[in-house]
Amino acid sequence: MTQIVTIAKEPVAGRVKTRLTPPFSPAEAAFLAEAAIVDTLRVVVATPAAQRVLALDGLPGRWLPAGLVVIPQRGRGLDERLAAAFADAHRLRPGPVVLIGMDTPQVTPGLLLRAVEALDGDDAVYGPAADGGFWLLGLRRPDPALLLGVPMSQPHTGREQLRRLARAGLSVRRLPVLTDVDTAADARRVAAEAPGSRFAAALRQVTRIPAEAALR
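Residues numbered from 1 in each chain as written. Predicted model: local features only at pLDDT ≥ 70, side-chain atom pairs only at ≥ 80, totals over all residues. Heavy atoms only, no water.

Enquirer: Help me understand the environment of A185, please; the structure alone is not making it clear to me.
Expert: Residue position: A185 is located in helix α5 (residues 184-193). Since its relative accessible area comes to 32%, A185 is described here as partly exposed. For the pair A185 and L20, spaced 165 residues apart in the sequence, the C-alpha separation amounts to 9.1 Å. (Helix = DSSP H or I, 4+ residues; strand = E, 2+ residues; numbered from the N terminus. Buried < 20%, exposed > 50% of the residue type's maximum accessible area, 1.4 Å probe, protein only.)

Enquirer: Got a minute to help me understand unusual backbone geometry in this structure?
Expert: Residues other than glycine predominantly adopt negative phi, and peptide bonds predominantly adopt the trans conformation. Note the cis peptide between T21 and P22, where omega equals -10°. As for its placement among the helices and strands, P22 is situated in the loop between β1 (3-9) and α1 (26-46). In this structure, P23 follows P22 across a cis peptide bond, with omega equal to 15°. We note that K17 has phi near 50°; this positive angle belongs to a residue other than glycine. Relative to the helices and strands, K17 resides in the loop between β1 and α1. For S153, which is not glycine, the phi dihedral falls at a positive 60°. Relative to the assigned elements, S153 resides in the loop between β6 (134-139) and α4 (157-167).

Enquirer: Honestly, the packing of α1 against helix α6 (residues 198-207) in this entry has me stumped. Any pointers?
Expert: Packed helices, taken two at a time, are described by their axes: the angle between them and the distance between them. The N-to-C vectors of α1 and α6 enclose an angle of 165°; their axes lie 8 Å apart at closest approach. In terms of axis orientation, α1 runs roughly antiparallel to α6. Along this stretch, α1 crosses α6, giving a crossing that reads as right-handed. Here E28, F31, L32, E34, A35, A36, V38, D39 and R42 of α1 lie close against α6, whose contacting residues are R198, F199, A202, L203, Q205 and V206. Here the contact of α1 with α6 is composed, by residue class, of nine nonpolar, one polar and five charged. (Axes fitted to C-alpha atoms, helices over the stretch in contact; angles between N-to-C directions. Parallel < 35°, antiparallel > 145°, perpendicular 65-115°, else oblique. Left-handed = near helix turned anticlockwise from the far one by under 90°. Contact = heavy atoms within 4.5 Å. Nonpolar A, V, L, I, M, F, W, Y, C, P; charged D, E, K, R; others polar.)

Enquirer: Please explain the side chain of T104 as it appears in this structure.
Expert: Following the sequence through the fold, T104 ends up in the loop between β4 (97-101) and α3 (109-118). Classification of T104 by relative accessible area gives buried; the value is 1%. Other than its neighbours up to four places away in sequence, T104 contacts T40, W135, L178, T179 and D180.

Enquirer: Quick question: what am I supposed to make of the side chain of R164 here?
Expert: With respect to the helices and strands, the residue R164 is situated in helix α4. It is E160 that comes nearest to the buried, bridge-free R164 among opposite-charge side chains, at 6.8 Å. For R164, the side chain forms a polar contact with the main-chain oxygen of L148, separated by 2.8 Å. Leaving out residues up to four positions away in the same chain, R164 has contacts with A145, L146, L147, L148, G149 and V150. (Lys, Arg positive; Asp, Glu negative; His and termini not counted. Salt bridge = Lys/Arg side-chain N within 4 Å of Asp/Glu carboxyl O. Polar contact = N/O pair within 3.5 Å; in protein donor to acceptor, adjacent residues only side chain to side chain.)

Enquirer: Would you explain the layout of surface pockets in this entry?
Expert: Once rolled over the atoms, a probe with the size of a water molecule shows which space is left empty. Considering only enclosed or pocket space, the largest pocket measures out at about 1000 Å³ in volume. Taken together, 33 residues line the largest pocket, and the ones lying closest to its centre are K17, L78, D103, S153 and D182. Elements represented by at least two residues in the lining of the largest pocket include exactly β1, α2 (78-92), β4 and β6. Here the element with the most residues in the lining of the largest pocket is β6; it accounts for four residues. Looking at the lining of the largest pocket residue by residue, the class counts come to 14 nonpolar, eight polar and eleven charged. (1 Å grid on protein atoms, 1.4 Å probe; cavity = no way out; pocket = protein on both sides within 12 Å on 5 of 7 lines; lining within 4 Å. Points joined across faces, edges and corners; volume = space filled by probe spheres on them.)

What follows is the structure in structure tokens.
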């Protein structure tokens, strides 16, 4: 069975979600980041998997649910960190790996289950992000060469990652496009898509406006 890896950064003010400041303060951005992690990990825990791993930059906190294996991130650039997360999880438990970030708290157990099940028949599963990147990548046979050198955090990141998979001759199952939470506009959009989430509640709290207004 496929295992699920979440790659995340400890929600420390000034180190996480810096593109949310302004309009939010560093502390508010960290508060929103923690809510996004909580929502994401709840979905991970609710999804059947051989193992659930958190590849963490920093230290675990109160937001960490039981049942996850925590490993440190390795590498300098994001491409190295993603490749290392795949490799380290696969080393712990050989088999297919689905990797998801902490930036899509609107993800659902059903959608994540589709990613897990996709690797029963396809070599890879890919979740495109609205900003041109990707919010999920799954590999039946993890290989660092599929990620190393792919330019990350660029409008063409997703296109380059798909080219890398295609050059390797892999069959790829695509998932729906989701919005990563990077900017305040992204945060409002994601909260509207998941109004009952911890993230939406956190956004309402830091903006100090009624719930119905936050969804406009």
